[in-house]
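# Reading the structure
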Amino acid sequence: MDIRNVILRLLEKKQEIKTSDIVHITGFSRAYIGKVLQCLREEGTLMLLGKANQAKYILATEKSVKQHRSKILKFRQIFDNKNLLEDKVLDSIRNSTGIFDQLSDNISNIVGYGFTEMLNNAIDHSRSSKVEVKVELFGELLRFEIIDKGIGIYNNIMKQKHLKTPLEAIQDLLKGKQTTMPAGHSGEGIFFTSKCADMLIIKSSKKKLIFNNLLKDIFIRDIKGTVGTKVNFSISTNSTKQVDTIFKEYTDSSFEFDKTEVKIRLYKGGTEYISRSQARRILSGLDKFKTILFDFKSIETIGQGFADEIFRVWKAKNPKAKIITKNANQNIKFMIDRVLNSNVV
């Protein structure tokens, strides 16, 4: 029996197949059929979509991939929190589902920003060995959830800031731009994400903090004890919010534009440039420029996350853009070189 032809003929009829379909037809073992399917994947004939019992094979054509990916509007996966990179997780969701294909540019940018900020918090702060990610698009509502089983955000703030209760921790958090890791973060991630969302809910310990922008209010609720931290983000796909506008509302402009180049004077305002959140705000909307010049005059150093987000993550997504640095001292050059020569941060 020519198993290869059996598989291809069945795909002509069904457009998608599972391993069990071929096992049922041929009577061969699951392990053997799995090897045949793997060979077809390696030669570029088939593609695998989904994982575990949801895994299915389709023909490796652009039309087929788009058609099947458009039906996948849910994503759930538990990741090992070791060398985990939030931008890689986001790319995986974009490539394996049709969720972002359905979104307008402004919503895609908002969700991308909020997702990477909240996942980065779990990666760097939670001390959890696993991080669970859920993303779902249903109707006109997009929501994501990030769950860890670590120390818990309010407990972490209490410990680092020497506070006595979760309410004191929440009060500290609501000040904006607060962080328990000043060497690596600016604390702006939650602040700006809370402005972007229609609803942002942070559950930890026995408290639930709700940023409800539909009601333009903030609430605190008592809940049953929660191990670690759960973050829920939701937004209407019809929202007219623009992430650039939200950033500009709370930050000063240090940009000079012309038709092809943007000059960014980082030394204005005496700010320390350490976090991914700051880098993402600075880079927002700059993909249309051919050249970006960063002026580091009077800046003593930059954070690894800040450098990685600009010189590796953003540059990889905008390979045609040229990034130029000016007035960068040895500390800054060292950090830039470090992220360019490393795949893990």
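From a predicted model like this one, the values you see are computed outputs, not experimental measurements. (Residues numbered from 1 in each chain as written. Predicted model: local features only at pLDDT ≥ 70, side-chain atom pairs only at ≥ 80, totals over all residues. Heavy atoms only, no water.)

Moving on to the overall build of the chain. Along its length, the chain carries 13 helices and 11 strands. Along the three orthogonal principal directions, the C-alpha set of the chain runs to about 75 × 50 × 35 Å. Expressed as a percentage of the 345 residues in the chain, the buried residues total 49%. Across the chain, contacts joining residues at least 24 apart in sequence account for 65% of those joining residues at least 6 apart. (Helix = DSSP H or I, 4+ residues; strand = E, 2+ residues; numbered from the N terminus. Buried < 20%, exposed > 50% of the residue type's maximum accessible area, 1.4 Å probe, protein only. Contact = heavy atoms within 4.5 Å.)

On to the environment of Ser 70, then. Summarising the element assignment, Ser 70 is placed in the loop between helix 4 (62-69) and strand 3 (74-80). Overall, Ser 70 belongs to the partly exposed group, its relative accessible area being 31%. Through-space distance from the C-alpha of Ser 70 to that of Leu 40 is 23 Å; in sequence the pair is 30 residues apart. Only 2.7 Å separates the side chain of Ser 70 from the backbone oxygen of Gln 67, close enough to count as a polar contact. (Polar contact = N/O pair within 3.5 Å; in protein donor to acceptor, adjacent residues only side chain to side chain.)

Time to look at the pattern of salt bridges. Scanning the model with the defined rule gives 22 salt bridges in all. The partner of Glu 43 in a salt bridge is Arg 4, and the shortest N-O contact between them spans 2.5 Å. Taken together, the residues Glu 43 in the loop between helix 3 (30-42) and strand 1 (46-49) and Arg 4 in helix 1 (residues 3-14) connect sequence positions 39 residues apart. The exposure class of Glu 43 is partly exposed, given its relative accessible area of 44%. With relative accessibility at 35%, the residue Arg 4 sits in the partly exposed group. (Salt bridge = Lys/Arg side-chain N within 4 Å of Asp/Glu carboxyl O.)

Glancing now at the nonpolar core. If you look at the biggest cluster of nonpolar residues, it comprises 47 residues, and the most contacted ones within it are Ile 93, Phe 115 and Val 135. By residue number, the principal contributor to this core is helix 6 (residues 105-125), which donates 9 residues. If we ignore the near neighbours within four places in the chain, the residues touching Phe 115 are Glu 86, Val 89, Leu 90, Ile 93, Val 133, Val 135, Phe 144 and Ile 146. Residues Phe 296, Ile 299, Phe 306 and Ala 328 belong to the second largest nonpolar core, which totals 26 residues. (Core = buried A, V, L, I, M, F, W, Y, C linked by side-chain atoms within 4.5 Å.)

A few words on helix 13 (residues 330-340). Buried within helix 13 we find Ile 332, Met 335, Ile 336 and Val 339. Seen end-on, helix 13 carries its buried residues on one side only, within an arc spanning 100°. Among the exposed residues of helix 13, those oriented more than 90 degrees off its buried face are Gln 330 and Phe 334. For helix 13, the secondary structure elements touched by its buried residues are helix 12 (304-317) and strand 11 (322-326). (Arc of directions from axis to C-beta.)

So, on to the pairing of strand 4 (residues 130-138). Two strands pair when backbone bridges link them, and strand 3 and strand 4 are joined in this way by 7 bridges, in the antiparallel orientation. Bridge pairing in strand 4 places Ile 78 opposite Glu 132. Summarising the sheet, strand 4 and strand 5 (residues 141-148) pair through 8 bridges and their orientation is antiparallel. The residue of strand 5 that forms the bridge with Val 135 is Phe 144. Where strand 4 hands over to strand 5, the hairpin turn is made up of 2 residues, of which Gly 139 adopts a positive phi near 65°. (Pairing = 2+ DSSP bridges.)

Attention shifts here to the packing of aromatic side chains. Counted according to the given criterion, the structure contains 9 aromatic pairs. Here the aromatic rings of Phe 144 and Phe 233 are separated by 4.7 Å at their centres, their planes lie at 5°, and the arrangement is stacked. Pair noted here: Phe 144 is in strand 5 and Phe 233 is in strand 7 (residues 217-236), with a separation of 89 residues, a long-range link. The exposure class assigned to Phe 233 is buried, which follows from its relative accessible area of 1%. Note on Phe 294 and Phe 296: the rings are 6.3 Å apart at their centroids and 25° apart in plane angle, and the pair reads as stacked. (Phe/Tyr/Trp six-rings, centres within 6.5 Å; stacked < 30°, edge-to-face > 60°.)

As for its position among the elements, Asn 106 is in helix 6. Separated by 2.9 Å, the side chain of Asn 106 and the backbone oxygen of Ser 239 make a polar contact. In contact with Asn 106, not counting residues within four places along its chain, are Ser 239, Thr 240, Lys 241 and Gln 242.

Under the 1.5 Å per step criterion, the end-to-end length of helix 12 is 19 Å for 14 residues, consistent within 8% with the ideal 20 Å. The largest bend in helix 12 is about 30°, located at Ile 310. For helix 12, the full list of buried residues reads Gly 305, Phe 306, Ala 307, Asp 308, Glu 309, Ile 310, Phe 311, Arg 312, Val 313 and Trp 314. Where the residues of helix 12 are buried, they touch helix 5 (86-96), helix 11 (276-283), strand 10 (291-295), strand 11 and helix 13. (Expected span 1.5 Å × (residues − 1). Bend = angle between axes of the 7 residues up to and from the residue.)

Averaged over the chain, the pLDDT score is 87; the fraction of residues at 70 or greater is 92%. By mean pLDDT, strand 8 (residues 255-257) is the weakest element of the chain at 69, and strand 5 is the strongest at 97. Low pLDDT, under 50, characterises residues 177-186; the stretch is placed with 34 contacts to residues that sit more than four places away or in other chains. (pLDDT = per-residue confidence, 0-100.)

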